[in-house]
Amino acid sequence: KMWKLSALLLVASASAVVLPAHREAPALTGQALIDYVNSAQKLWTAGHQVVPKEKIMKKLMDAKYVVPHKDEDIVATEVSDAIPDHFDAREQWPSCVSIDNIRDQSDCGSCWAFAAAEAISDRTCIASNGAVNTLLSSEDLLSCCTGIFSCGNGCEGGYPIQAWKWWGKHGLVTGGSYESQFGCKPYSIAPCGQTVNGVTWPKCPEDTEPTPKCVEACTSNHTYPTAYLQDKHFGATAYAVGKKVEQIQTEILKNGPIEVAFTVYEDFYQYTTGVYVHTAGASLGGHAVKILGWGVDNGTPYWLVANSWNINWGEKGYFRIIRGLNECGIEHSAVAGIPDLDRHN
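Residues numbered from 1 in each chain as written. Predicted model: local features only at pLDDT ≥ 70, side-chain atom pairs only at ≥ 80, totals over all residues. Heavy atoms only, no water.

A. Local environment of the pattern of salt bridges. Here the structure, examined in full by the defined rule, presents nine salt bridges. The salt bridge partner of K290 is D122, with a shortest N-O separation of 2.7 Å. In this pair, K290 sits in strand β10 (residues 283-297) while D122 sits in helix α4 (residues 111-127), placing the two residues 168 residues apart along the sequence. The class of K290 is buried, set by a relative accessible area of 0%. Here D140 ties to K232 by a salt bridge, and the two come within 2.8 Å at their closest N and O atoms. Separated by 92 residues along the polypeptide, D140 in helix α5 (residues 138-144) and K232 in the loop between β6 (199-200) and β7 (234-240) bring together distant segments of the chain. Its relative accessible area of 0% is what places D140 among the buried residues. In this structure, a network of salt bridges that share partners links the residues D88, R90 and D100. (Salt bridge = Lys/Arg side-chain N within 4 Å of Asp/Glu carboxyl O. Helix = DSSP H or I, 4+ residues; strand = E, 2+ residues; numbered from the N terminus. Buried < 20%, exposed > 50% of the residue type's maximum accessible area, 1.4 Å probe, protein only.)

Right under this line is the structure:
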């Protein structure tokens, strides 16, 4: 029995979507999976990606890192009385360079650190009214978030909420991409296996990249004028965001983008455009990303999300996913925090 998304019923508000109860999807792969997805629904389009599945697998993390928040861990969120139908943080805060910046985590399951560093960069710029307008380092989190915070296992995956708590205690230095070598501690794992912005990178290694060692010093190939400890930017709070759509929207409206984690199925990596909803294919693992807005496309409500698989993937590095259904778990483990602009080492 084929699941038909044409049976989608939109009721009441834009975020109230009812799908058929029957959502069993065959474990297809390759061209058969693409053909099935494109025939079974019309919300999004699957196609051949320049990123091979084996490479995507190295970018994911164990499903144990994608767990719903416990109700007692969620900070009470007052819901805004005026939530717009459309919101895009890139339009709301256009001067913040980090908000419209797609990173490349390469062959390392560092998504938990990437999404955290991305949203933390955005929120620091927003809270400071642009006074701190920079990219903060995903590598600082990836390699150094150990000890009592127990972020996880580096390139094998990690817990998003622990990354935000580590930011509060230890701060994050500046650091951009491997290509730019911007800031104190840029990402040290090079892109691989693709041509990006006219640059062709070498073939990817057979195994997942090892987690970089934690170095409490600036590591850029370029001269950076500020010492490591003096370059730190800190958080004041880190917290779980409520699971309701309106709570997530209010949090983004008030303070900026957030980090979420969800389950990746085989059809997701073949996403090219549209509003994603899991249609077919087996579970591949967990993933963390940054939600920066929402909207409605031909009656279908969606979240606007930044991925960290560079600009070749999806909608120039972004994707949209159906909103209001906790699709693949994307609404049940959102995390965020508030910068501490007064703290300096």
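B. Summary view of the state of the cysteines. By the definition in use, this model includes five disulfides. Residue pairing for C96: its cysteine sulfur links by disulfide to C125, the two sulfurs lying 2.1 Å apart. Note on the C96 and C125 pair: the S-S dihedral is about -90°, so by sign convention the disulfide is left-handed. One end of the pair, C96, is in the loop between α3 (89-92) and α4; the other, C125, is in helix α4, and 29 residues separate them in sequence. Like C96, the residue C125 is buried in the burial classification. Sulfur-sulfur distance for the disulfide between C144 and C214 comes to 2.0 Å. Disulfide C144 to C214: torsion about the S-S bond roughly 100°, handedness right-handed. Placement of the pair is C144 in helix α5 and C214 in the loop between β6 and β7, with a sequence separation of 70 residues. Cysteine C111 is unpaired, with the sulfur of C108 as its nearest cysteine sulfur at 8.6 Å. (Disulfide = S-S within 2.5 Å.)

C. Region of the structure containing the environment of C108. By secondary structure assignment, the location of C108 is in the loop between α3 and α4. Those residues in contact with C108, other than ones at most four positions away along the chain, are K58, K59, L142, C155, Y187, I189, T208 and E209. (Contact = heavy atoms within 4.5 Å.)

D. Representation of α4 in the model. Over its 17 residues, α4 extends 24 Å from the first C-alpha to the last, a length consistent with the 24 Å expected when each residue adds 1.5 Å. For α4, the tally of buried residues reaches 16 of 17 residues, placing the bulk of the element in the interior. Downstream of α4 by one or two residues, N129 has phi in the positive range, about 55°. (Expected span 1.5 Å × (residues − 1).)

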